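# Descriptive analysis of the structure
Letter by letter, the chains look like this.
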Amino acid sequence: MMDPRRLSKAICQEFETATAKCAGFANKDIVLLIGCCGSGKTTVTSYALGTDFRYNRRTQKLEADNPMEGFVTSAQCAD
C-alpha cells in the first residue's frame, strides 16, 4: 500500500500533467462520442478521419479498407 503522503504527491503530479496536456484544447471545439459497447463510436471516428469501409456480406460487418495506422481500440486491448 502506498504511503498517503506519496499518494497525495502522485495525484498532484498526475493532475499537473493532465492540465498541461489539456491546455492544447483551449478555445477549440471538442466532439465527445458516448455509447454502449458495439454502438459504432470507433467506426464513426475512423470514418471521420478518412478510413474507407466496405460491407462484408459473409460476416455481415463493416471492414476497414485502409485502417488507420497506430489507432488502437479498447477491444483490441482486451485480454
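Scoring rules and cut-offs
- Residues numbered from 1 in each chain as written.
- Predicted model: local features only at pLDDT ≥ 70, side-chain atom pairs only at ≥ 80, totals over all residues.
- Heavy atoms only, no water.
- Helix = DSSP H or I, 4+ residues; strand = E, 2+ residues; numbered from the N terminus.
- Areas by Shrake-Rupley, 256 points an atom, 1.4 Å probe, with all protein chains shown as cover.
- Pairing = 2+ DSSP bridges.
- Salt bridge = Lys/Arg side-chain N within 4 Å of Asp/Glu carboxyl O.
- Buried < 20%, exposed > 50% of the residue type's maximum accessible area, 1.4 Å probe, protein only.
- pLDDT = per-residue confidence, 0-100.
- Expected span 1.5 Å × (residues − 1).
- Disulfide = S-S within 2.5 Å.

## Details of the overall build of the chain
In terms of helices and strands, the chain carries three helices and two strands. Overall, the chain shows an N-to-C arrangement of helices and strands of α-α-β-β-α. Approximately 7600 Å² of the chain is accessible, and the part contributed by carbon and sulfur atoms is 57%.

## Observations regarding the pairing of strand 1 (residues 53-56)
In summary, the side chains of a regular strand alternate between the two faces of the sheet. Where strand 1 meets strand 2 (residues 61-64), four bridges bridge the pair, whose relative direction is antiparallel. Note that in strand 2 the partner of N56 across the bridge is K61.

## Points about the pattern of salt bridges
Across all of its chains, the model carries two salt bridges by this definition. Ionic pairing is found between R54 and E63, a salt bridge with its closest N-O pair at 2.7 Å. For R54, a relative accessible area of 43% corresponds to the partly exposed category. Residue class for E63 comes out partly exposed when judged on its relative accessible area of 24%.

## Some remarks on the confidence of the model for the chain
When the pLDDT values of the chain are averaged, the result is 82; 89% of them are 70 or greater. When mean pLDDT is taken per element in the chain, strand 1 scores highest with 89 and helix 3 (residues 74-77) scores lowest with 55.

## Thoughts on helix 1 (residues 4-22)
In this model, helix 1 (19 residues) spans 27 Å end to end at C-alpha, consistent with the 27 Å of a helix rising 1.5 Å per residue. Of all 19 residues in helix 1, zero are buried; the element is thus mostly exposed.

## Looking at the state of the cysteines
Taken as a whole and judged by the stated rule, the model has zero disulfides. Note on C36: no disulfide assigned, nearest cysteine sulfur contributed by C37 at a separation of 7.3 Å. Residue C36 is classed as exposed on the basis of its relative accessible area of 63%.

## Let's talk about unusual backbone geometry
For N27, which is not a glycine, the phi torsion comes out positive at approximately 60°. Relative to the helices and strands, N27 is located in the loop between helix 1 and helix 2 (41-48). N27 sits in the exposed class, given a relative accessible area of 85%. A positive phi angle, close to 60°, is found at Q60, a residue other than glycine. Note on Q60: relative accessible area 60%, which makes it exposed.

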